[in-house]
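# A structural walkthrough
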Amino acid sequence: MQPVQRAEPQSFDRVLTSMCTEPHPKAREAAERFLATNPGDPGTYETVAQLEREAVELLGTVTQLENPAGYITSGGTEANIQAVRIARNRSQRSEPNIVAPDSVHFSFRKAAELLGVELRTAPVKNYRANVEAMNELIDEDTVGLIAVAGSTEYGVVDPIPSIAELAVDHDILCHVDAAWGGFFLPFTDFEWDFSDAPIDTMTIDPHKAGQAAVPAGGLLARSERLFDSLAINTPYLETTSQITLTGTRSGAGVASAVAAMEALWKEGYQEQYERSMANAEWLATQLRDRGHDVFGPELPLVTADLSVPMTDELRERDWRVSKTGAGEMRIVCQPHVTRSMLRSFVADLDWY
Ligand SMILES: *Cc1c(COP(=O)(O)O)cnc(C)c1O
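For the structure given in this document, a descriptive report is provided here. Bear in mind that the values here come from a model prediction, so they are computed numbers and not experimental data. (Residues numbered from 1 in each chain as written. Predicted model: local features only at pLDDT ≥ 70, side-chain atom pairs only at ≥ 80, totals over all residues. Heavy atoms only, no water.)

Turning next to the overall build of the protein. Within the protein one finds ten helices and 15 strands. Since a compact globule built from 352 residues should have a radius of gyration of about 20 Å, the 21 Å found for the protein is in line with a globular shape. Once the C-alpha set of the protein is aligned to its principal axes, its extents read approximately 60 × 55 × 45 Å. Taken over 352 residues, the protein has a buried fraction of 57%. (Helix = DSSP H or I, 4+ residues; strand = E, 2+ residues; numbered from the N terminus. Rg over C-alpha atoms; globule rule 2.2 N^0.38 Å. Buried < 20%, exposed > 50% of the residue type's maximum accessible area, 1.4 Å probe, protein only.)

Structure below.
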């Protein structure tokens, strides 16, 4: 029998779409060392359980939260589901809803469906959450508000302090989704973190711009008590309860998150942000010079009015580019995206 032909692991040479990136060499090495460990069973795997506490501490440093509570999730999706679960469980409403801008990540649709929570989305203004429009959707069954810090499609940051104030006024949870933006935002003037606004919980993924190996997402909470309503008894483990959504979890993700953050916080991430932003600005200028309508970059992400067939042609030349819901070409300048990659991309655009 012929052996099955296996594809090479992903090469990032022409990937302009991914919110993930090549792991830092130290993150790769740490992931391998901890492959067989399970932070979901801290009584047995003490070392990785300790590493997870370090990961959460480091995420607290990045997001300006002292004594952070939280854990390393399988990704932004799990973190967002859990935030909605916290909002729902602590409210005890029979028909709960959450209010978010139209620009929220689709993981909130999964959360809403799974948890029986209605997701109400408000129209955005210039791609950003419109606080007035969100306010209009709030009623007595609203259990939480969602704000986005670095939207998936356009890379914008919502007016987070205003949304958090609105949540305080209604005594409901405020969750910030910084899954992708979280490792760029500390070097910007945006108000997005725990010191800028009275937010309760946040998603921030080391496996996106944090340069950790997949799977390493992050869920943070201002207080450990926020997790109380998630606790499930765990009869056969040495610990008595579990707040995570998944049971067995990736020790590799946890260890690589710590290794990446120890290697890169703070100067490494700052240099990366500056390089990625300069690349995104360069690309935006090149596209504008060619007469395209360009949005961004606010964070290292650019969209432009290049037609969808054009995007398909580029895919045939192995470029991985994606489009927004409105059909614009969308380029994410993640750490693996270099200036020379972008130069040859623009040269290919000119060829058409
Ligand atoms: C990527 C992303 C998510 C989902 O994270 P996964 O790790 O893919 O589950 C959620 N929110 C935002 C803003 C994202 O960019």
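An order of β12-β13-β15-β14 is seen for the four strands of this open sheet, with the pairing classed as antiparallel. Because the sheet does not close on itself, it has two edges, and the strands there are β12 (294-295) and β14 (322-323). Where strand β13 (residues 301-304) meets strand β15 (residues 329-332), four bridges bridge the pair, whose relative direction is antiparallel. From the neighbouring strand, valine 302 faces β15, where its bridge partner is isoleucine 331. Its contacts with the sheet place helix α8 (residues 267-289) against β12, β13 and β15, and it is angled at close to 15° to β13. (Pairing = 2+ DSSP bridges. Contact = heavy atoms within 4.5 Å. Axes fitted to C-alpha atoms, helices over the stretch in contact; angles between N-to-C directions.)

So, about the state of the cysteines. In the structure shown here, the tally under the stated rule is zero disulfides. Of all cysteine sulfurs in the structure, the one in cysteine 333 sits closest to cysteine 20, which takes part in no disulfide; the separation is 16 Å. Classification of cysteine 20 as partly exposed rests on a relative accessible area of 21%. (Disulfide = S-S within 2.5 Å.)

A separate point is the pattern of salt bridges. Opposite charge on two side chains lets them pair, provided their charged atoms get close. Within the structure shown, the criterion is met by nine salt bridges. Arginine 249 is paired through a salt bridge with glutamate 52; the nearest N and O atoms lie 2.8 Å apart. Placement of the pair is arginine 249 in the loop between β11 (241-242) and α7 (251-264) and glutamate 52 in helix α2 (residues 46-62), with a sequence separation of 197 residues. We note that arginine 249, like glutamate 52, is buried. Among the salt bridges present, the one from glutamate 298 reaches arginine 128, with a minimum N-O distance of 3.0 Å. Of the two residues, glutamate 298 sits in the loop between β12 and β13 while arginine 128 sits in strand β5 (residues 128-129), which places them 170 residues apart along the sequence. On the accessibility criterion, glutamate 298 (23% relative accessible area) is partly exposed. Judged by relative accessible area, arginine 128 falls into the partly exposed class, the value being 23%. Each of Arg14, Arg317 and Asp348 takes part in salt bridges that share partners, so that together they form one network. (Salt bridge = Lys/Arg side-chain N within 4 Å of Asp/Glu carboxyl O.)

One pass over the structure, following the stated rule, counts ten aromatic pairs. Ring geometry for tryptophan 180 against phenylalanine 184: centres 5.4 Å apart, planes inclined by 70°, an arrangement best described as edge-to-face. The interplanar angle of 45° and the centroid separation of 4.9 Å between the aromatic rings of phenylalanine 183 and tyrosine 269 together place this pair among those described as tilted. Taken together, the positions of phenylalanine 183 in the loop between β7 (173-177) and β8 (201-203) and tyrosine 269 in helix α8 put the pair 86 residues apart, joining distant regions of the chain. When its relative accessible area of 1% is taken as the criterion, phenylalanine 183 is described as buried. One aromatic cluster is present, built from ring pairs that chain together Trp180, Phe183, Phe184, Phe187, Trp265, Tyr269 and Tyr273. A cation over a ring is seen here: arginine 14 above tryptophan 319, with NZ or CZ 4.2 Å from the ring centre. (Phe/Tyr/Trp six-rings, centres within 6.5 Å; stacked < 30°, edge-to-face > 60°. Lys NZ or Arg CZ within 6 Å of the ring centre and 35° of its normal.)

Residue proline 215 is bonded to the preceding valine 214 through a cis peptide linkage, with omega at 5°. Inspection of the secondary structure assignment puts proline 215 in the loop between β8 and β9 (217-221). Omega for the bond connecting tryptophan 265 with lysine 266 falls within 30 degrees of zero, at 10°, which places this linkage in the cis form. Summarising the element assignment, lysine 266 is placed in the loop between α7 and α8.

What follows deals with the pairing of β7. Counting buried residues along β7, five of its five residues qualify, which places the element largely inside the surrounding structure. Side chains of β7 alternate between two faces, with Leu173, His175 and Asp177 and Cys174 and Val176 buried alike. Taken together, the five bridges between strand β6 (residues 142-148) and β7 define a ladder with parallel strand orientation. Within β7, the residue paired with glycine 144 across the bridge is leucine 173. Considered for its hand, the β-α-β crossover made up of β6, helix α6 (residues 160-170) and β7 is right-handed. With three bridges connecting them, β7 and β8 associate as parallel partners. If you follow histidine 175 over to β8, its bridge partner there is threonine 201. (Right-handed = clockwise from strand over helix to strand, strands pointing away.)

Moving on, we get to the site of the ligand. Taken together, 15 residues form the shell around the ligand, and within it Gly76, Thr77, Asp177, His207 and Lys208 come nearest. One of the backbone N or O atoms of glycine 76 is found 2.8 Å from an oxygen atom in the ligand. Note that an oxygen atom of the ligand is positioned 3.4 Å from one of the side-chain N or O atoms of threonine 152. In the complex, the protein chains occlude 86% of the 380 Å² of accessible area that the ligand would expose alone. The greatest single-element share of the shell around the ligand, amounting to three residues, is contributed by helix α3 (residues 76-91). Here the residues of the shell around the ligand sort into three nonpolar, nine polar and three charged. (Near = heavy atom within 4 Å. Polar contact = N/O pair within 3.5 Å; in protein donor to acceptor, adjacent residues only side chain to side chain. Areas by Shrake-Rupley, 256 points an atom, 1.4 Å probe, with all protein chains shown as cover. Nonpolar A, V, L, I, M, F, W, Y, C, P; charged D, E, K, R; others polar.)

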